[in-house]
Amino acid sequence: MNVRPSPIRQKQKIATYFTRAITIIIAILTFSVLFQNYQISSQLIAQEVQRTANQTSGLVQGMVNFRLSLLKIHQDGSATNADLLHAVSSGKSQYIDQYFRAVDQLDPDNTPDVRFIAGLNHMLWDDGNAQFYGIVPNELESVSHRMVVNNAWMLVKIPSLLETVYALARRTPLVSNQSGELIGYFYVMFVINNNYNLIEQIRTRSNSQNLILAIGSNVLSTTLNGEESYSEQDVLASQQNSDRLASYTVNTTELNVDENPTQLMIYAVQDNQNVVKLKRNFYYGVVFILVATTLFSFILWRWLHNRIRAEIEKLVQFSRSIVDRGAEHVFHGSKIEEFDLFGRALEHTFKRLSEQEKQFENLFNFSIAPTILWGADGRLLRMNPAAVKQFSKDSQVATFYELKERLIPSIKKASNGETLNEVATEFDSQIFRWTISPIVTEGRVESVLTQGQDVTTIAEAEKQSHLARSEAERAAGARADFLARMSHEVRTPLNGILGVSQLLKESVTDEKQLEQVGVLSLCSEHLLAVLNDILDFSKIEQNKFKLNPVHFHLIETVRVIERIYQPLCQEKELGLDVMTNIQEDTIVVIDQIRLNQIIFNLLNNAIKFTREGEICVLINLNHSENGAMFHVSISDTGIGIGHDDLTLIFEPFIQGGTTSSREFGGSGLGLSIVKNLVELMGGVVSVSSQVGKGSCFEFTIPIEVEQYRARHVKETIEQEPSGQLFEQSPHVLLVEDNKTNAYIAKAFCDRFGLRVTWVEDGTVAVETLKKMGFDLILMDNQLPGMDGVEVTDFVKHQLRLDTPIYACTADDTEKTKNDFLHAGAEYILVKPIREENLHQALVHFRDHYWEPVTSSVIQSH
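Residue positions within a chain follow its written sequence, with the count starting from 1. Selection of residues for local features in this predicted model requires a pLDDT of at least 70, selection of side-chain atom pairs for listing and counting requires 80 or more, and totals for whole chains, interfaces and linings are taken over all residues. To get the side-chain values, take all heavy atoms of the structure and skip hydrogens and water.

Going by what an unreviewed UniProt entry lists, the chain is known as Autoinducer 2 sensor kinase/phosphatase LuxQ and is assigned to Vibrio ruber. UniProt positions are given in the numbering used here, feature names are shortened, and annotations may be inferred rather than shown by experiment. Within the UniProt record for the chain, the comment given under Subcellular location (unreviewed entry) is "Cell inner membrane".

Structure follows, in structure tokens:
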């Protein structure tokens, strides 16, 4: 039996490993002791260094705070001095100079570096010290514009003719004692650049060798004189372990002004000889241990090599004999316990391998699944009996070669170490799913095992399940998309119809026109009710929809049809013929809105799909022994419906052909609603049609008829809220992209005494709010650019404006309302907006947010 050569070229004797182990243990113990000593010493030194650093930082911060506090006291005292205020009010610079000269003589040590006074629109006075630093007057004015906070120190960066000047500046307002008016601002500046007096005082009191005051990599002040062994950049880069600062400690202090961090950093350099000495001693100890460990390892290796070499040679010879003689060789034991255990483990391993090989052989041969063993290069090695039975017939030879061609690419990928999923094959309507398992020996793939499973029945069931799921998801998606689109697209124009009808009620005096406006208003309200019911279409499908029967004159339905659809037919040059046998005094009990909805849907379709000709409407009330039946027939001369589409015409979201859908539009839900409502009322609906000649829709429903009772029905017209709500006119920003809706909203606002500014875009609304102030914002939802929710969130959380925002949205869903409220809106109006609803919203605004005294003041931001 040939022995495979070992892949390991450089080998070590067991004595070497023992020696290394003992050496490593000794070295670890020694290093642990040294490291512990080093850690204790380092912690003590680190604590002392940290204590010194904290003291230095506190001292540095305290000195800066003390200096700024003195300047602040002097500045606040001057800002309230009557003489200075009088001099500033009169605009006499010589008096201001005299005042500050007197102040500087009293306390020359606490005089700020630069002082100047700025009016509300221009510079009033400066002490001239800015020129010493190369700062031109225009830069002082620029500093005054940048400072927007009073009585707080601010770090400013000022360009100058010499170099960029960094200074701490503070602004104090000057308020006239007589009028209480703001007459200007008093500025003081504490220059940081080359402030040798400050930096030297801090160095002396902190016992530091040197100090550097910097912003980032820009050094502002330093006590270095150039004779040190390190440079300014070495100190600034101390955190990167500069070699030149190995024997020094650099303490970094970030200065805070008014308890706010600034970019100013003070670097304090102190001697670090104790830490350097400790490190040096530790390194000497490490070198000594390395030398001692090396010498000890050599002596130990020689001793172990001589002691156990013979026993090791015996164990090696025994291992070789196992390989040469195979599994039948019996291990006879060893005097060394570890070697004895090792030999017996080898014997047991060979026995287990023999048993596993036998088990694999049985599993391979008796498996009912076709199993094929391939070489790494794709050669066929073995087939189990199930695979032979499946592919050995003459009729299956071609199938086997086709299977081989399909499996070979996956087999080669598995041989290259790629992870593969299952591979499916289909032959003669029989589907097999193959698992591919590479057999790895000594780190490389020797062969590949493929096992097939007949999944024909399972695959067919999965295919049908996927088809059913896809169809259900498609239908659910179509319904959801329609409902979301219907909510906004219908409510937006309906807002214009309702708004105009309400405006016309107040301006029309002619009785006929007033009647027409009443019809318009009635139809608009009806359309709104129908829209809400369409959005509840899912309730109809779930049998959760309830009818609301009422008493009404049935002739009203005929009159409403004539008033609404006669103008529509005249506009398309179509004839409208309405015939009925209903008496004037006939009162019925039925859901009037649903009944009108059925008729209106059928009439809408008839007018939509008819280009020329006429629409005939037959409305009859028929009596029989079984009760009264209400029959309606609507026929047209339109495009007609194909025979194949007639069976699907009442299905939801379906229209008669894709060409009609593109040409005439529509949601495809009207006829489905008609069918469901008719069936809910206990009736039936039918259709007959011929392409190119027209269609006829008919429905019959049972109806309850009551005798006419002498009673008068009086319409109660609610008094629309109007008139002025405000003594002063609030300024309202109207954000609305639809011109019709904007027109209605502006008209209502004018009636209530509001001044309206209208913008059509969310981005434009934000820019407008940045430039001017408003008392109230009426915010639409779907806007170009930024939508209403985004604009509301930006105004409340980015611009931080407290202007109340009242959302006006056509999306009557809880999600949209919650989104607006979460963004910061104070009130929600749902379109279509009625005048009484807007009146109620404005009363809410007046009672909670309107402040007429201060609302006219526009603050600039």
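There is more to say, and it comes next.
Along its length, the chain carries 23 helices and 26 strands. Throughout this description, buried means an accessible area under 20% of the type-specific maximum (1.4 Å probe, protein chains only), exposed means over 50%, and partly exposed covers the range between. When each of the 861 residues of the chain is scored for burial, the buried share is 41%. Restricting to contacts in the chain with at least 6 residues of sequence separation, those with at least 24 account for 62%. Accessible surface computed for the chain: about 49900 Å², of which carbon and sulfur atoms make up 52%. Each helix is a run of H or I in the DSSP string that is no shorter than four residues. Each strand is a run of E no shorter than two, and both are numbered from the N terminus. Working rule for contacts: check all heavy atoms of both residues, and any pair within 4.5 Å makes them a contact. Areas reported as accessible are Shrake-Rupley estimates using a 1.4 Å probe. Residue values count occlusion only from the protein chains shown.

Next up on the list: the pattern of salt bridges. A pairing counts as a salt bridge when a side-chain nitrogen of Lys or Arg comes within 4 Å of a carboxyl oxygen of Asp or Glu. Using the criterion set out here, one finds 12 salt bridges in the structure. The closest approach of N and O atoms between Asp780 and Lys831, which form a salt bridge, is 3.0 Å. Of this pair, Asp780 sits in strand β24 (residues 776-780) while Lys831 sits in the loop between β26 (827-830) and α23 (835-848), placing them 51 residues apart in sequence. Lys815 serves as the salt-bridge partner of Asp819, at 3.0 Å between the closest nitrogen and oxygen. You can see Asp819 and its partner Lys815 sitting in helix α22 (residues 814-823), 4 residues apart, about one turn around the helix.

Turning next to the UniProt feature "modified residue: 4-aspartylphosphate" (unreviewed entry) in the chain. Sequence positions flagged by UniProt for "modified residue: 4-aspartylphosphate" (unreviewed entry) are, in local numbering, Asp780. Sequence-distant contacts of Asp780, that is, excluding residues within four places in its chain, are made with Val735, Glu736, Asp737, Gly788, Cys808, Phe820 and Lys831.

This next bit is on the sheet that holds strand β5 (residues 182-191). Any two strands with at least two DSSP-identified bridges between them are counted as paired. Taking strand neighbours across the sheet as the criterion, the 5 strands line up as β2-β1-β5-β4-β3 in an open arrangement whose pairing is antiparallel. Looking along the sheet, the strands with just one partner apiece sit at the ends: β2 (123-126) and β3 (153-158). In this sheet, neighbouring strand axes are inclined to one another by 30 degrees on average, regardless of whether the strands run parallel or antiparallel. Relative to strand β4 (residues 165-175), β3 is paired through 6 bridges, and the arrangement is antiparallel. Its bridge partner lying in β4, Leu155 is registered against Leu168. What counts as an axis is a line fitted to C-alpha atoms, over the stretch in contact for a helix, and the angles between N-to-C directions run from 0 to 180 degrees. The sheet contacts of helix α4 (residues 137-146) involve β1 (114-118), β2, β3, β4 and β5, and relative to β3 the element is tilted by about 140 degrees.

To estimate the expected span of a helix, count its residues, drop one, and scale the result by 1.5 Å. With 14 residues, helix α3 (residues 93-106) should reach 20 Å at 1.5 Å per residue; the first-to-last C-alpha distance of 20 Å fits that figure. Inspection of α3 places Ile96, Tyr99, Phe100 and Val103 among the buried residues, and these make up the whole buried set. The buried side chains of α3 occupy one side of the element, clustering within an arc of 90 degrees when seen end-on. Throughout, the arc means the angular range of directions from the helix axis out to the C-beta atoms.

Attention shifts here to the nonpolar core. Put simply, buried Ala, Val, Leu, Ile, Met, Phe, Trp, Tyr and Cys residues joined by side-chain atoms within 4.5 Å make one nonpolar core. Ranked by size, the top nonpolar core spans 47 residues in total, and within it Leu554, Ile615, Phe630, Ile634 and Phe699 carry the most contacts. With 8 residues, helix α15 (residues 592-608) is the largest single contributor of residues to this core. Ala79, Val103, Tyr166 and Ile199 belong to the second largest nonpolar core, which has 37 residues in total.

Once that is clear, we can look at the side chain of Thr172. With respect to the helices and strands, Thr172 occurs in strand β4. Side-chain polar atoms of Thr172 contact the side chain of Arg170, separated by 3.2 Å. Setting aside chain neighbours within four positions, we find Thr172 in contact with Gln75, Asp76, Ala79, Asn151, Gly184, Tyr185 and Phe186. Nitrogen and oxygen atoms within 3.5 Å of one another constitute a polar contact, given that in protein one can donate a hydrogen and the other can accept it, and given that sequence-neighbouring residues count only through two side-chain atoms.

Moving on, we get to the sheet that holds β26. With parallel pairing, the 5 strands of this open sheet are ordered in space as β23-β22-β24-β25-β26. What marks the edges here is a single partner per strand, and that holds for β23 (755-759) and β26. Across the sheet, the mean angle from the axis of one strand to that of its neighbour is 20 degrees, orientation sign disregarded. Pairing of β24 with strand β25 (residues 805-809), which is carried by 4 bridges, proceeds in the parallel orientation. Bridge assignment links Ile777 to a residue of β25, and that residue is Ile805. Where α23 meets the sheet, its contacts fall on β24, β25 and β26, and the angle it forms with β26 comes to roughly 170 degrees.

Below, the discussion takes up the packing of aromatic side chains. Only Phe, Tyr and Trp rings take part, Trp by its six-membered ring, and two of them pair if their centres are within 6.5 Å. Stacked means planes under 30 degrees apart, edge-to-face means over 60, and tilted covers everything else. In this structure the tally under the stated criterion is 14 aromatic pairs. A connected cluster of aromatic rings, assembled from ring pairs, spans Phe726, Tyr806, Tyr827, Phe845 and Trp850. Sitting over the face of the ring of Tyr185, Arg171 holds its NZ or CZ atom 4.0 Å from the ring centroid. Counted as over-ring charges are cases with an Arg CZ or a Lys NZ within 6 Å of the ring centre that also lie within 35 degrees of the ring normal.

Note that patches include only residues with greater than 30% relative accessible area and no salt bridge, and the join distances are 9 Å for like charges and 5 Å for nonpolar side chains (Val, Leu, Ile, Met, Phe, Trp, Tyr). On the surface, Ile497, Val500, Leu520, Leu527 and Tyr743 cluster together into a nonpolar patch covering about 400 Å² of accessible area. Among the secondary structure elements, those contributing two or more residues to the nonpolar patch are α11 (456-507) and α12 (511-535). For Leu520, the position within the fold is in helix α12.

Another aspect to go through is unusual backbone geometry. With a phi close to 60 degrees, Asn151 is a non-glycine residue in the positive phi region. As for its placement among the helices and strands, Asn151 is situated in the loop between α4 and β3. Although it is not a glycine, Arg800 adopts a positive phi angle of roughly 55 degrees. Within the secondary structure, Arg800 sits in the loop between α21 (788-797) and β25. Of the residues examined, Arg800 reaches a relative accessible area of 69% and is grouped as exposed.

A word on the packing of α15 against helix α18 (residues 670-680). When two helices pack together, you describe them by how their axes are tilted relative to each other and by the distance separating the axes. Contact geometry of α15 with α18 gives a least axis separation of 9 Å together with a crossing angle of 145 degrees. Like other packed secondary-structure pairs, α15 and α18 cross with a definite hand, here left-handed. Contacts between α15 and α18 involve Arg594, Gln597, Ile598, Asn601, Leu602 and Asn605 from the former and Gly670, Leu671, Ile673, Val674, Leu677 and Val678 from the latter. Gly counts as polar in this scheme, as do all residues outside two lists: the nonpolar Ala, Val, Leu, Ile, Met, Phe, Trp, Tyr, Cys and Pro, and the charged Asp, Glu, Lys and Arg. Class assignment for the residues of the contact of α15 with α18 results in 7 nonpolar, 4 polar and 1 charged. Whether a crossing is left-handed or right-handed is set by the direction in which the near helix is turned from the far one by less than a right angle, anticlockwise for left-handed and clockwise for right-handed.

Quick look at the environment of Phe726 now. Considering the arrangement of structural elements, one finds Phe726 in the loop between β21 (694-706) and β22 (731-735). Once the C-alpha coordinates of Phe726 and Arg846 are considered, the two residues, 120 residues apart in sequence, prove to be 7.7 Å apart.

What follows covers the side chain of Asn620. With respect to the helices and strands, Asn620 occurs in strand β18 (residues 614-624). Asn620 sits in the buried class, given a relative accessible area of 16%. A distance of 3.4 Å separates a polar atom in the side chain of Asn620 from the backbone nitrogen of Asn581. Beyond its immediate sequence surroundings of up to four residues, Asn620 is in contact with Thr580, Asn581, Met629, Phe630 and His631.

Another aspect to go through is the confidence of the model for the chain. Summary statistics for the chain give a mean pLDDT of 78 and a share of 76% for residues scoring 70 or more. Taken as a whole, residues 854-861 scores under 50 in pLDDT and shows 6 contacts with residues more than four places along the chain or in a different chain. How sure the predictor is of each residue is captured by pLDDT, a score from 0 to 100.

Turning to α18, a few remarks are in order. All buried positions along α18 are accounted for by Leu671, Ser672, Ile673, Val674, Leu677 and Val678. Note on α18: the residue one or two positions beyond its end, Gly682, has a positive phi of about 85 degrees.

Attention now moves to the environment of Glu562. Structurally, Glu562 is set in helix α14 (residues 555-571). Taking the C-alpha atoms as reference points, Glu562 and Asp577, 15 residues apart in sequence, are found 9.0 Å from one another.

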